[in-house]
Amino acid sequence: MNVVFAVKQYISKMIEDSGPGMKVLLMDKETTGIVSMVYTQSEILQKEVYLFERIDSQNREIMKHLKAICFLRPTKENVDYLIQELRRPKYSIYFIYFSNVISKSDVKSLAEADEQEVVAEVQEFYGDYIAVNPHLFSLNILGCCQGRNWDPVQLSRTTQGLTALLLSLKKCPMIRYQLSSEAAKRLAECVKQVITKEYELFEFRRTEVPPLLLILDRCDDAITPLLNQWTYQAMVHELLGINNNRIDLSRVPGISKDLREVVLSAENDEFYANNMYLNFAEIGSNIKNLMEDFQKKKPKEQQKLESIADMKAFVENYPQFKKMSGTVSKHVTVVGELSRLVSERNLLEVSEVEQELACQNDHSSALQNVKRLLQNPRVTEFDAARLVMLYALHYERHSSNSLPGLMMDLRNKGVSEKYRKLVSAVIEYGGKRVRGSDLFSPKDAVAITKQFLKGLKGVENVYTQHQPFLHETLDHLIKGKLKENLYPYLGPSTLRDSSPFSLAFSPTINAHMIFNHLPQDIVVFIIGGATYEEALTVYNLNRTTPGVRIVLGGTTVHNTKSFLEEVLASGLHSRSKESSQVTSRSVSRR
């Protein structure tokens, strides 16, 4: 259950199947992002792929000495581009791979356009999603719903992405969904329809315990995406923004030209891979160690080159040295900028109060602390509005609710109307009336004791008390305690009894009969977007729960800024988203 590995395998197989010789990789806007997440340009160059082109580029040269590997989403637009391409081919031979199911009529149109018989192969390789971490995927969709209902275009894209994910991992799952969300039920039904229609594709080896797809809605936990983060990957996304592993540092004061955009990828950056889930204090210490290692190696590289052997050793070690130099300067710059923003925006103090709002139930202390921070000139309007949103979500129905007074404080602080309006929009999006579960239920004695002990462990834990609601949901699911009245199984289906997965949807078999064993392979999908804090929760559960493999996905991966854009896009504010073999299908015209 490794999504990076699954997509990487598809790309490798495409290149291998095209045989030896020089190649061009022809992609669209989305597949360019899909490929860039799992392979660097230099890695693909080593596989004789010397050119990367977009199918929609008008100025491509004719290069008959190159083979073309086309990796495209099966959209009408891409099929039209391919038809034009095949009528006047620019390359010697074409290997065409669609990232999802392609209709027979589209294949027929391509066959008719291929008058020069340059197409060697047409296949479906189901890498139709962004593989972010081994256990995290995204569809890069911002604004998936209109009100409480799906935007039809985004529902179609999400269904395609989710079914491709299941095919790439070779899973035909039971489906459970969040009952309080109409969007979750709708997506569950759409996924089931595809499984029913394409049943031959989903004929995987039966396992004793069927895999499980759990579909959730962001509305059920609007707290998590509003919090500042203190682990490396999550913090970088919150403060700087990660877009397909790329971080824009162009606004950093005094930034050098070569560091204006940097790539953070655990696949190709050992320091990042080892530190992405560590907290900020540990990162600082590890950066210092990285610098010291670099300094030790540096003088040796700059010794006098007096002999041929010296020169040979220098040339052999130089690429490694240069790579280390790039890694050091990149992480020093990123951590330096995070540190500057934390200090400039007073984020330690802000985050402490956020954690209190998310995890404690002392209204009077919370109100006092929020009011105090709203008076602090170093607290930005963004952070001030965020604190009020967290207060509004937690104490929405508290007898001493002081939201009107806090809204007045925001106005007096000079917070723009855009942010003030977002407070009520967030309540409309994820308030008590909408939630299917209680985010702030009073903890039992055991939970209170645990929380107290956690608070004694060290000062950095003040900033990481919060656990996403997803942790509780998955914990209950793994233990077989997730309530069916809140997360029902999708009802019976008319799938044929002869198919290997008919058990999962059979009208005569009760869900309890299937689930006499606890789930092992779990795909969780959050409509309205997941977060890196939730990805860390899944990473930790995978690490600490033997026999359980969880993959998390979302319509996007949010930070606070993008989450507020999601809330705005919903329009709700105007009323106050393992096997070594590759799953593929040949669409040969022969």
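Structure's up top.
Keep in mind it's a predicted model, so treat the numbers as computed, not measured.

A look at the state of the cysteines
Then step 1. By the definition in use, this model includes 0 disulfides.
Then step 2. The thiol of C145 is not disulfide-bonded; the next cysteine sulfur, from C144, is found 3.8 Å away.
Then step 3. Residue C145 is classed as buried on the basis of its relative accessible area, which comes to 10%.

Details of the pairing of strand β4 (residues 93–98)
Then step 1. When you tally the buried positions in β4, you get 5 out of 6 residues, the bulk of the element.
Then step 2. Note that strand β3 (residues 67–72) and β4 share 6 bridges and pair parallel. The residue of β4 that forms the bridge with C70 is I96.
Then step 3. For the segment spanning β3, helix α4 (residues 76–87) and β4, crossover handedness is right-handed.
Then step 4. Pairing between β4 and strand β5 (residues 119–125): 5 bridges, direction parallel. Residue pairing for β5: Y97 is matched across the bridge by Q123.
Then step 5. Crossover β4 to β5 through helix α5 (residues 104–113) is right-handed.

Some words on the nonpolar core
Then step 1. Among the nonpolar cores identified, the biggest contains 164 residues, and I215 and I527 are the most heavily contacted of them.
Then step 2. Residue contributions to this core peak at 10 residues, all from helix α14 (residues 381–394).
Then step 3. If we ignore the near neighbours within four places in the chain, the residues touching I215 are L162, I175, R176, Y177, Q178, A184, L187, A188, F525 and I527.
Then step 4. Counting residues in each nonpolar core, the second largest holds 23 residues, with L26, L66, V79 and A113 among its members.

Regarding the pattern of salt bridges
Then step 1. One pass over the structure, following the stated rule, counts 30 salt bridges.
Then step 2. Salt-bridge contacts for D521 lead to K171; the nearest nitrogen and oxygen are separated by 2.7 Å. Remark: K171 occurs in the loop between α6 (152–169) and β10 (174–177) and D521 occurs in strand β14 (residues 521–527); sequence separation between them is 350 residues. A single burial state applies to D521 and to K171, both of which are buried.
Then step 3. A network of salt bridges, in which partner residues are shared, links E238, R345, E354, D383 and R386.

Thoughts on a nonpolar patch on the surface
Then step 1. A surface patch of nonpolar side chains, amounting to about 270 Å² of accessible area, comprises M22, L45 and Y50.
Then step 2. Tracing the chain through its elements places L45 in helix α3 (residues 41–45).

Focus on the sheet that holds strand β6 (residues 130–133)
Then step 1. Reading across the sheet, the 6 strands line up as β6-β7-β16-β14-β11-β10 and stay open at both edges, with mixed pairing between neighbours. At either margin of the open sheet sits one strand with a lone partner, and together these are β6 and β10. Direction aside, neighbouring strands of the sheet carry axes that sit 25° apart on average.
Then step 2. Looking at chain direction, β14 and strand β16 (residues 549–554) are connected through 6 bridges and run parallel. Its bridge partner being in β16, D521 is matched across the sheet by R549.

Criteria and thresholds
- Residues numbered from 1 in each chain as written.
- Predicted model: local features only at pLDDT ≥ 70, side-chain atom pairs only at ≥ 80, totals over all residues.
- Heavy atoms only, no water.
- Disulfide = S-S within 2.5 Å.
- Buried < 20%, exposed > 50% of the residue type's maximum accessible area, 1.4 Å probe, protein only.
- Helix = DSSP H or I, 4+ residues; strand = E, 2+ residues; numbered from the N terminus.
- Pairing = 2+ DSSP bridges.
- Right-handed = clockwise from strand over helix to strand, strands pointing away.
- Core = buried A, V, L, I, M, F, W, Y, C linked by side-chain atoms within 4.5 Å.
- Contact = heavy atoms within 4.5 Å.
- Salt bridge = Lys/Arg side-chain N within 4 Å of Asp/Glu carboxyl O.
- Patch = residues over 30% accessible without salt bridge, like charges linked within 9 Å, V, L, I, M, F, W, Y side chains within 5 Å.
- Areas by Shrake-Rupley, 256 points an atom, 1.4 Å probe, with all protein chains shown as cover.
- Axes fitted to C-alpha atoms, helices over the stretch in contact; angles between N-to-C directions.

The quantities given are spatial measurements derived from coordinates; they are silent on function.
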